[in-house]
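# Remarks on the overall topology
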Amino acid sequence: MDNPSYPTGTRPVERHATLLLEIWREVCRHLQIPESVELIAPLLARRLPADLALVRRIDAAGGVVETVALGHCRPGPAPSRARSELTPEAMQRLIAWCHRRQVLRLADRSATAEPPGILPEGTDGEVLAGPLLAADGPAGVLLLTARPPRQFRDEHAELLAALLDPFAVALDNDRRLRELTSLREAVEAENRSLLTKLGRLDISDSIVGAETGLREVMEQVARVAPSDAPVLVLGETGSGKEVVARAVHTRSRRARGPFLRINCGAIPPELVDSELFGHEKGSFTGAVAERKGWFERADTGTLFLDEVGELPPAAQVRLLRVLQDGQLERVGGERPVSVDVRIVAATHRDLEAMVGDGRFRQDLWYRIAVFPIRLPPLRERPADVPALAAHFALRSSRRLGMPPLAPTAEDVGLLVTYPWPGNVRELAAVIERAAILGDGERLEVALALGTPRPPAAAPGPMALPLSRPGGEEDGFVPLEAAMARHIEAALVRARGRVEGRRGAAALLGINPHTLRSRMRKLGVDWKRLRREVGAAE
Ligand SMILES: Nc1ncnc2c1ncn2[C@@H]1O[C@H](COP(=O)(O)OP(=O)(O)OP(=O)(O)O)[C@@H](O)[C@H]1O
C-alpha cells in the first residue's frame, strides 16, 4: 500500500522490523480480526505507550462505523464495542479523510477536529488514528488510545503508519472469511432446500433399511469407503444403486468433494468421449468452446458411472486408460490432464456374461470390479418394505403440502407381499400414487397397487410365484389373504425356515407354534415354498 501522506524521511519499517515481523506473523496465522487484534495489542506495548488497540469497520453503504476488534496493550478498562450511525454527509467526510491517508493525533478531541465516527463513545485519553484501506477503498480505522499520564509523540504516529498495512490485511482476511462463510451457508441452505423438495432431508438420512435388509450392504460400504478402491454396485433397476454409491462417497475422505452421476446409457454414443473426457475448442463440429468432461469436474471427488455396461467399446478403452494412469486427454487435446477421481460404477446387467461374449472389455471389468457390492432386489428384503413405505409416505405428504401420512397395518400387509419388479423406485411411485388417490389425507394403497403396472421386469433369481388367495377381483385384498402373503414373504426371506434366530417366526416376531397354526389356518403351503426356495438358491 502506498502511503504518500505518512511522515517521510523516517524508516519506521526498519527501526521496528522485528515488531512488524511478529505482527505480520499474527496476521497470517489468524483469519478473524478480533483474534488478530487481541494477540497483536500486547506486542505493541513494547514500543508504544498505548492502552488499547481498536479496529472499527466502515460500512459506507449502510452508513455505519462499528468496533469489530479490540485488544488490550496494557490491562485496563475498555469502551464497549460501539456502533455509530453516520449521515451520508458525515460518511462522505470520513471516506474523504481515509483517502487522504492521514494519521491523526487527537490530543485535543474537539468534535469538529475529528473525522466523524472514528471514535467510539467513551474513549478517553489521547488517540492515534489511521485509515485501513482495502483494494476497493476505505474499509476501516485503526485506533490506539493512551490514558494520562501516557502520551503519544510524533514517532508513535510514524509507527502507527507502518502498522496500517498489516491491520488492513487482517481486516480484509476477516471480510473474505465472512463472505465465504455466508456463501457456504447459502449453498448449504440451497442444498437442504433442494433435498427437501426432492423429499430427502439429508442423503445419509435417507438410507432406509441400513439396519435390516441392507445391513450387509452397508457393512461392505463401511469397509470399502475409506479406501480409494473402485466399487461396482450390482443390482436391479430401481433397487437403490445410486443411494449406495452416494453412501460410499459420503463415508469416504472425498466426502467434501463433488459426487457426480453420469448415466452412461443416456449419452448418445458419438458424444460419450467428449462428455466423459471433455474436448478442446474446435475439436469437432459443435465444439464451439473448450469443455471440461465429467472426469475433470469430479476431480477430488467421486464419479458414479451408472449403467457402465452401456459404454461403447471406444469409451471403454479410454476409461481403462484413465483408471490405469490417472490421466486423460480431452477430445482434440494434445496434453494429458491429471485427475484424482474415485470411480463407483453400477449396472443392472450381468457384466460378467457381457465380458464372456465380448461386449465388455475384460481388462476394464477387472479394473472396476475390484470391490463388487450386490444390492438385493426389494423382494428379497421384505423387512425393509414397511419402513420404506413410511419414508415415502412422509415424503409424499411433504410434496403435497399435507399433514404427515403413514401406512396402516393393512397397507403394510399388502405392500410386503407384492413382488416389486421395479424395486424401491416402484414402491416410491406406488406410495405417491396412493397419497394422490387419497387426496393427501390418507393412503389408498390397495387402489394404487391395483392400477395397471408396467410389464414386469425379468424375474430375478428370488422372484417366487407367491400364491394369491382369491377375493381381490376389485383390486382390494382381504385381510386374511394379505396375512397369508406376508407370512409367505417371511418364509421366502427365511429360506423356508420357520424356527430359529433367522426363521420366519423370529422375523414376524411371533412364536413358531402360533406361526404354524396360522399357516394351517390360512392355507400357506409351506412345503411348496420350501421346494421353490430351494430350487431358487
Ligand atoms: N434404501 C433406500 N432408502 C431410501 N430411498 C431409497 C433406498 N433405495 C432406493 N431409494 C430411492 O429409490 C429411488 C431409486 O433408487 P436409485 O436411483 O438409487 O436406484 P438405481 O438402482 O440407481 O436405479 P437405476 O438402475 O434406474 O439407475 C430413488 O428415489 C432413491 O432415493
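- The protein has the name Formate hydrogenlyase transcriptional activator in an unreviewed UniProt entry, where Tautonia plasticadhaerens is given as its organism.

## A closer look at the overall build of the protein
- Within the protein, the regular secondary structure consists of 20 helices and 13 strands.
- Expressed as a percentage of its 537 residues, the buried residues of the protein come to 48%.
- Here the protein displays about 26,900 Å² of accessible surface, and carbon together with sulfur accounts for 52% of that area.

## Re the packing of helix α13 (residues 385-400) against helix α14 (residues 409-417)
- Contact geometry for α13 and α14: axes closest at 9 Å, N-to-C directions at 115 degrees. Here the hand of the crossing between α13 and α14 comes out right-handed. Within the contact between the two elements, α13 uses Val385, Pro386 and Ala389 and α14 uses Val412, Leu415 and Val416.
- Looking at the contact of α13 with α14 residue by residue, the classes come out as 6 nonpolar, no polar and no charged.

## Observations concerning the packing of aromatic side chains
- Evaluation of the coordinates by the stated rule reveals 3 aromatic pairs.
- Seen from their ring centres, Phe277 and Phe295 are 5.6 Å apart, and the 15 degrees between their planes marks the pair as stacked. You can see Phe277 sitting in helix α8 (residues 272-277) and its partner Phe295 sitting in helix α9 (residues 294-297), a full 18 residues away along the chain. As far as the burial class goes, Phe277 and Phe295 line up, both buried.
- The ring centre of Trp294 lies 5.1 Å from the NZ or CZ of Arg297, which sits over that ring.

## Points about helix α4 (residues 88-100)
- A rise of 1.5 Å per residue sets the reference length of α4, with its 13 residues, at 18 Å; its end C-alpha atoms lie 18 Å apart and thus fit the reference within 8%.
- Of the positions making up α4, those classed as buried are Ala90, Met91, Leu94, Ile95, Trp97 and Cys98. For α4, the arc enclosing every buried residue in end-on projection is 155 degrees, short of the 170-degree limit, so these residues lie on one face. Across from the buried face of α4, at angles greater than 90 degrees, the exposed residues are Pro88, Glu89, Gln92 and His99.
- Taken together, the buried residues of α4 touch β1 (52-59), β2 (64-72), β4 (104-106), β5 (126-134) and β6 (137-146).
- Looking one or two places after α4, you find Arg101, whose phi comes out positive at around 55 degrees.

## Quick notes on the pattern of salt bridges
- Across all of its chains, the model carries 30 salt bridges by this definition.
- Its salt-bridge partner being Asp228, residue Arg254 comes within 2.9 Å of it at the nearest N-O pair. In this pair, Arg254 sits in the loop between α7 (241-250) and β8 (259-263) while Asp228 sits in the loop between α6 (215-224) and β7 (231-234), placing the two residues 26 residues apart along the sequence.
- Among the charged side chains, a network of salt bridges with common partners joins Asp228, Arg253, Arg254 and Asp340.

## Some points on the sheet that holds β2
- Strand order in the open sheet formed by 6 strands is β3-β2-β1-β6-β5-β4, and the pairing between neighbours is antiparallel. If you trace the sheet from one side to the other, it starts and ends with β3 (83-85) and β4, each paired once. The sheet shows a mean angle of 25 degrees between the axes of neighbouring strands, direction not considered.
- For β5 and β6, the ladder comprises 9 bridges, and the chain directions are antiparallel.

## Considerations on the sheet that holds β7
- Taken in spatial order, the 5 strands make up an open sheet running β8-β9-β12-β7-β13, and their pairing is parallel. Of all strands in the sheet, those bounded by a partner on one side alone are β8 and β13 (371-374). Taken pair by pair, the neighbouring strands of this sheet meet at an average axis angle of 20 degrees, ignoring direction.
- In the sheet, β8 pairs with strand β9 (residues 302-306) via 5 bridges, with the strands oriented parallel. Note that in β9 the partner of Phe259 across the bridge is Thr302.

## Concerning the nonpolar core
- Counting 36 residues, the largest nonpolar core has Leu44, Val55, Leu144 and Leu163 as its most contacted members.
- Only α2 (17-29), α3 (33-44), β1, β2, β5, β6 and α5 (154-198) provide two or more residues apiece to this core.
- No other element matches the 10 residues that α5 contributes to this core.
- In this structure Leu163 touches Leu20, Ile23, Leu44, Leu48, Leu142 and Leu144, once residues within four positions along its chain are discounted.

## A closer look at the pairing of β7
- Sheet analysis places β7 next to strand β12 (residues 342-347), joined by 4 bridges and oriented parallel. For Val233, the partnering residue across the bridge sits in β12 and is Ala346.
- Bridging between β7 and β13 involves 4 bridges; their strand directions are parallel. In the strand pairing of β13, Leu232 is matched with Pro372.

## A short note on the side chain of His30
- In this fold, His30 is placed in the loop between α2 and α3.
- The exposure class of His30 is buried, given its relative accessible area of 15%.
- Among the polar contacts listed, one links the side chain of His30 to the side chain of Glu26, at a separation of 3.1 Å.
- One polar contact links His30 to Glu35, side chain to side chain, over a distance of 3.3 Å.
- In this view, His30 contacts Glu35, Ser36 and Leu39; residues no more than four positions away in its chain are not counted.

## Notes on unusual backbone geometry
- Along the chain, Pro148 connects to Pro149 via a cis peptide bond; the corresponding omega equals 10 degrees.
- As for its position among the elements, Pro149 is in the loop between β6 and α5.
- With a phi angle near 50 degrees, Trp420 is a residue other than glycine that sits in the positive phi range.
- Take Trp420: it is sitting in the loop between α14 and α15 (423-437).

Quick notes on the rules
- Residues numbered from 1 in each chain as written.
- Predicted model: local features only at pLDDT ≥ 70, side-chain atom pairs only at ≥ 80, totals over all residues.
- Heavy atoms only, no water.
- Helix = DSSP H or I, 4+ residues; strand = E, 2+ residues; numbered from the N terminus.
- Buried < 20%, exposed > 50% of the residue type's maximum accessible area, 1.4 Å probe, protein only.
- Areas by Shrake-Rupley, 256 points an atom, 1.4 Å probe, with all protein chains shown as cover.
- Axes fitted to C-alpha atoms, helices over the stretch in contact; angles between N-to-C directions.
- Left-handed = near helix turned anticlockwise from the far one by under 90°.
- Contact = heavy atoms within 4.5 Å.
- Nonpolar A, V, L, I, M, F, W, Y, C, P; charged D, E, K, R; others polar.
- Phe/Tyr/Trp six-rings, centres within 6.5 Å; stacked < 30°, edge-to-face > 60°.
- Lys NZ or Arg CZ within 6 Å of the ring centre and 35° of its normal.
- Expected span 1.5 Å × (residues − 1).
- Arc of directions from axis to C-beta.
- Salt bridge = Lys/Arg side-chain N within 4 Å of Asp/Glu carboxyl O.
- Pairing = 2+ DSSP bridges.
- Core = buried A, V, L, I, M, F, W, Y, C linked by side-chain atoms within 4.5 Å.
- Polar contact = N/O pair within 3.5 Å; in protein donor to acceptor, adjacent residues only side chain to side chain.

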